[in-house]
Amino acid sequence: MKKIYSAIINAVTMSNSIQQEKIFVGVSWPYASGKIHLGHLAGQNIACDVFSRYHRLKGNKVLMVSGSDSHGTPILFKAEELGIEPEQLIQQSHQEIVNTFKQLSLIYDNYTTTATENHKEVVQNIFLVLKEKGYLYPQKSKQYFDEKVNKFLPDRYVRGTCPNCGAVNARGDECPECGKFLKPEDLIDPFSTLSDTTPILKETEHFYLDLKKLQPQLSKWIDETSVNWRKWVREFSKGWIREGLEPREVTRDMKFGIPVPVEGWEDKVIYVWIEAVVGYLSAAIEWADKIGKPSEWEEYWKDPKCKHYYFIAGGNTPFHTIIWPAELLAYSEKYSDDTLWEKYKFPGETKREKLNLPYNVPSNKMLLYKGKKMSKGDGVGMDADSLLEKYNSDLIRFFFLRYAPENHDREFEWKDLIDCNNNELVANIGNFINRTLTFTQSKFNSVIPEGVLDKEVEESISNAFETIGTHIEKCEFVKASEALLQFSSFANKYFNDKAPWASYKEDLKDCGNTIYNSIQLVNTLRILIKPFMPKSSIAISNMLGLEEESDPNIELDSTGVVNTYENNWEFNVIESNKTLNQSKILFEKILE
RNA sequence: CGCGGGGUAGAGCAGUGGCAGCUCGUCAGGCUCAUAACCUGAAGGCCGUUGGUUCGAAUCCAACCCCCGCAACCA
């Protein structure tokens, strides 16, 4: 038995000596034009939090940022539709999103918006550096213009007859009938969806991002970096490169947004490809300022050892594997140019070192609802709030992780949600905790009996920390949740095989030993579920009487910063003779 | 021939040349501390189709069929 303990002590010492890692987590920015829906949860907003909570528990330094995208045509038009000012819609939606995130126990180091002065400053800075380095150039073109509402029209706001199949309501980007991809100019008898009038083609001028020029560097970077990416993300991104990148428009004829900081361009704004993705950097800069250490963001953006993860989904993938890296590569030329370095410093910037590129982009596929993808734009799907009214947030967190569309699209099914709750949370994890604690109460008067850790229990525990941790680090969240359930199954089987209800009558010492071991397994479950189901973990802490334990995630949630870094992703023993609190049912069965 | 992913038990998936497997669900029996688990057994498959390579193919090759995403304002 001594050997077993020394093995545990060794494991603990070793894990503490592992060097602290730095992790930057960027999460896709939802449009401030409505509530968070189930697609957001399945896409990225649960996985990012599990990932960050895990790394904080390990004692790593994590910076997780995101915010509400407060610009763009959809917001403008949605506000018009509602008859309110865009600012009012943004304010309202941002607040709703923040509330939903809070209910789901999502902790961001900084969740901001793109409507801040800081963001504007950083975006314009990047725009100007790219321009000075020759990656942005102006070019004239003709676009549809609605004279009645006095606006240039984005592709999907122009409709007309499809030249391919003759359908009358084809959109400027695609015909929904025959699936043909179109340009607005292709449409026969075009009309504006804003006024039903016929738009005219009008000349305008825009800046273009010269992706062609960046292609060689980008191609090299993606070949080197994408080895550990999800297969579909890697192949998809490489496919884009293989096809050949084209220069793309990065400004728009609008007043709503961040103005182009060039003389004579005051009526135009910077488009989403530059504007929104820059939020990852500007939110980090804002965070540093908020915590009173204006240069602290450089720790995450300039230390080459800091790994950058972007949690996104679906069609956002190329923005994060192609366009954003391209902009970062181009921008980093600032650091080898004396003039630009002096002229274009970011707030708090002190180090003349390149910005970090993405390390991994664990992008998810789409969650389908009744066979269609959920989307804010099309109004398909369901918002997260209505789910939160019915079910507890830990179930929702666990479900959307366990059934996440990591490699394939997936249909959302109510039955899956109920099965996940009843078969996995209730019958597996909840059952083990409940049977152990009620047995301790009824047979041992709530006092943990004397015992020593069985070899198989010890092995299973250290294996669980190892396996689940590795899966999370590799962004394999479905596998991580499976491994958690496997561990819980082992615990149930252990209890069963040891049959303490039988040994209670024949061999009280053996019975006590089984319960001692089972309590250690309950405690291990409590630690293992921390990244997944933080509220349930706290509920178990209360039952075990462990309320005062230090936890970086609770620290961050309550104070806004993490000050203590130590490895909490490891087994610790609960001593014998400790008295437990009254146990409660952790997960309620859902009756259909 | 636009790019990419996929097609294996009712559902979800693993399986890169060697007897088709895992999880969940279904059915029967055992056990029972538990909102119940665990054990034993059972049912359920043309591995999308066709052809080829091979002693041997879910796996390698060719052609084809079907589903999905993307194609630049979708998470």
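Note that this is a predicted model, so its numbers are computed, not measured.

Moving on: the overall build of chain A. Each helix and strand in chain A was counted, giving 22 helices and 16 strands. A globule of 592 residues ought to have a C-alpha radius of gyration of about 25 Å, and chain A, at 27 Å, matches this closely. Each of the three principal axes of chain A carries a C-alpha extent, and together these read 90 × 60 × 40 Å. Split into buried and exposed, the 592 residues of chain A put 57% on the buried side. Within chain A, counting contacts between residues at least 6 apart in sequence, those at least 24 apart form 77% of the total. Approximately 26000 Å² of chain A is accessible, and the part contributed by carbon and sulfur atoms is 49%.

Attention shifts here to the packing of aromatic side chains. All told, the structure shown has 40 aromatic pairs when counted by the stated rule. On the numbers, 4.9 Å between centres and 70° between planes, the contact of F145 with F152 is edge-to-face. You'll find F145 and F152 in the same group, each marked buried. Members of the aromatic cluster, connected to one another through ring pairs, are F24, W29, Y280, W301, Y310 and W324. Directly above the aromatic system of W414 lies the positively charged group of K390, at a separation of 5.3 Å from the ring centroid.

The subject of this paragraph is the state of the cysteines. By the definition in use, this model includes zero disulfides. Sulfur of C48: no disulfide; nearest cysteine sulfur belongs to C475 and is 11 Å away.

Here we come to the nonpolar core. In terms of nonpolar packing, the biggest core is built from 91 residues, with F400, I468 and F532 touching the most fellow members. Here this core gets 11 residues from one element, more than from any other, and that element is helix α16 (residues 414-444). If sequence neighbours within four positions are ignored, I468 has contacts with A480, A483, L484, L528, F532 and W569. Judged by nonpolar contacts, the second largest core, of 64 residues, contains L209, I270, W273 and W341.

Below, the discussion takes up empty space enclosed by the protein. Taken as a whole and assessed by the stated rule, the structure comprises two cavities of 30 Å³ or more. Forming the boundary of the largest cavity are L367, F399, F400, Y403, R410, E411, F412, E413 and D416. Within the residue set of the lining of the second largest cavity, elements represented by two or more residues are α2 (38-45) and α15 (393-402). Tallying contributions element by element places α2 first for the lining of the second largest cavity, with four residues.

Mapped onto this numbering, the UniProt entry gives "domain: Methionyl-tRNA synthetase anticodon-binding" (unreviewed entry) at residues 454-571. What you have in residues 454-571 is 75% helix and 0% strand, and the ends, taken at the C-alpha atoms, are 14 Å apart.

Our next topic: the sheet that holds strand β13 (residues 307-311). In spatial order, the strands read β3-β2-β1-β13; together these four strands make up an open sheet with parallel pairing. Looking at strand neighbours, the two that pair on one side only are β3 (110-113) and β13, the edges of this open sheet. Here the average twist between neighbouring strands, direction ignored, is 20°. The pairing of strand β1 (residues 22-27) with strand β2 (residues 61-68) spans five bridges and is parallel. In the sheet register, I23 faces β2, and the bridge partner there is V62.

Side-chain direction in a regular strand flips from residue to residue, so the side chains alternate between the two faces of the sheet. Pairing geometry for strand β4 (residues 136-146) and strand β9 (residues 200-209), over 10 bridges, is antiparallel. Looking across to β9, one finds that F145 is bridged to I200. Direction of pairing for β9 relative to strand β10 (residues 248-249): antiparallel, over a ladder of two bridges. Within β10, the residue paired with Y208 across the bridge is E249.

This paragraph deals with the packing of helix α3 (residues 47-57) against helix α17 (residues 455-473). Contact geometry for α3 and α17: axes closest at 10 Å, N-to-C directions at 125°. Overall, the two elements α3 and α17 adopt an arrangement that is oblique. Both α3 and α17 take part in a crossing whose hand is left-handed. Together, V50, F51, Y54 and H55 of α3 and G469, I472 and E473 of α17 make up the contact between the two elements.

Right, let's get into the sheet that holds strand β6 (residues 158-161). Taken together, three strands build an open sheet; the order of strands is β7-β6-β8 and the sheet is antiparallel. Two strands close off the open sheet at either side, each with one partner strand: β7 (170-171) and β8 (188-192). Sheet topology places β6 next to β8; three bridges connect them, and they run antiparallel. When the bridges of β8 are listed, V158 appears paired with S192.

Looking now at helix α5 (residues 86-103). Counted at 1.5 Å a residue, the expected span for α5 with its 18 residues is 26 Å, and the 26 Å between its end C-alpha atoms agrees. For α5, the set of buried residues is P86, L89, I90, S93, H94, I97, T100 and F101. What you see down the axis of α5 is that its buried residues fit within an arc of 130°, all on one side. Looking at α5, the residues exposed on the side facing more than 90 degrees away from the buried face are Q91 and K102. Against α2, β2, α4 (73-82), β3 and α14 (384-390) lie the buried residues of α5. The first or second residue beyond α5 is S105, which carries a positive phi of 60°.

Parameters at a glance
- Along each chain, the written sequence defines residue order, and numbers are assigned to residues from 1.
- Ligands are numbered from 1 and chains lettered from A, in the order in which they are written.
- In keeping with the predicted nature of the model, local features appear solely for residues at pLDDT of at least 70, side-chain atom pairs appear and are counted solely at 80 or more, and the whole-chain, interface and lining totals rest on all residues.
- Water and hydrogen atoms were dropped before computing side-chain values, which therefore reflect all heavy atoms in the structure.
- Put simply, DSSP H or I for four residues or longer makes a helix, DSSP E for two residues or longer makes a strand, and each gets a number counted from the N terminus.
- Taken over C-alpha atoms, the radius of gyration is set against a globule rule of 2.2 Å times the number of residues to the power 0.38.
- Here's how the labels work: a residue is buried when its accessible area is under 20% of the maximum for its type, exposed when over 50%, partly exposed in between, all with a 1.4 Å probe on protein chains only.
- Contacts are residue-level and defined by heavy atoms, with any inter-residue pair within 4.5 Å sufficient.
- All accessibility values rest on the Shrake-Rupley procedure with a 1.4 Å probe; residue burial counts only the protein chains present in the view.
- Aromatic contacts are taken between Phe, Tyr and Trp rings whose centres are within 6.5 Å, Trp giving its six-membered ring; a plane angle under 30 degrees counts as stacked, one over 60 as edge-to-face, and the others as tilted.
- Look at NZ for Lys and CZ for Arg. If either is within 6 Å of the ring centre and within 35 degrees of the ring normal, a charge sits over the ring.
- The criterion for a disulfide is a pair of cysteine sulfur atoms lying within 2.5 Å.
- Definition used in this section: a nonpolar core is a set of buried Ala, Val, Leu, Ile, Met, Phe, Trp, Tyr and Cys residues joined via side-chain atoms within 4.5 Å.
- Definitions used for this entry: grid spacing 1 Å over protein atoms alone; cavity, a set of points where a 1.4 Å probe fits but cannot get out; pocket, an open set with protein on both sides within 12 Å along at least 5 of 7 lines; lining residue, one with an atom within 4 Å of a point.
- Grid points are joined across faces, edges and corners, and a volume is the space filled by probe spheres set on the points.
- UniProt positions are given in the numbering used here, feature names are shortened, and annotations may be inferred rather than shown by experiment.
- A pair of strands is considered paired only if DSSP assigns at least 2 bridges between the two.
- As a rule, the C-alpha atoms of each element are fitted with a line to give its axis, helices using only the stretch in contact, and angles between N-to-C directions run from 0 to 180 degrees.
- Angular relationships are summarised with four words: roughly parallel below 35 degrees, roughly antiparallel beyond 145, roughly perpendicular across 65 to 115, and oblique for the angles in between.
- The handedness criterion is simple: a crossing whose near helix is rotated anticlockwise from the far helix by less than a right angle is left-handed, and one whose near helix is rotated clockwise is right-handed.
- Working rule for helices: expected span equals 1.5 Å times residues minus one.
- Taking the helix axis as origin, the arc is that swept by the directions to the C-beta atoms.

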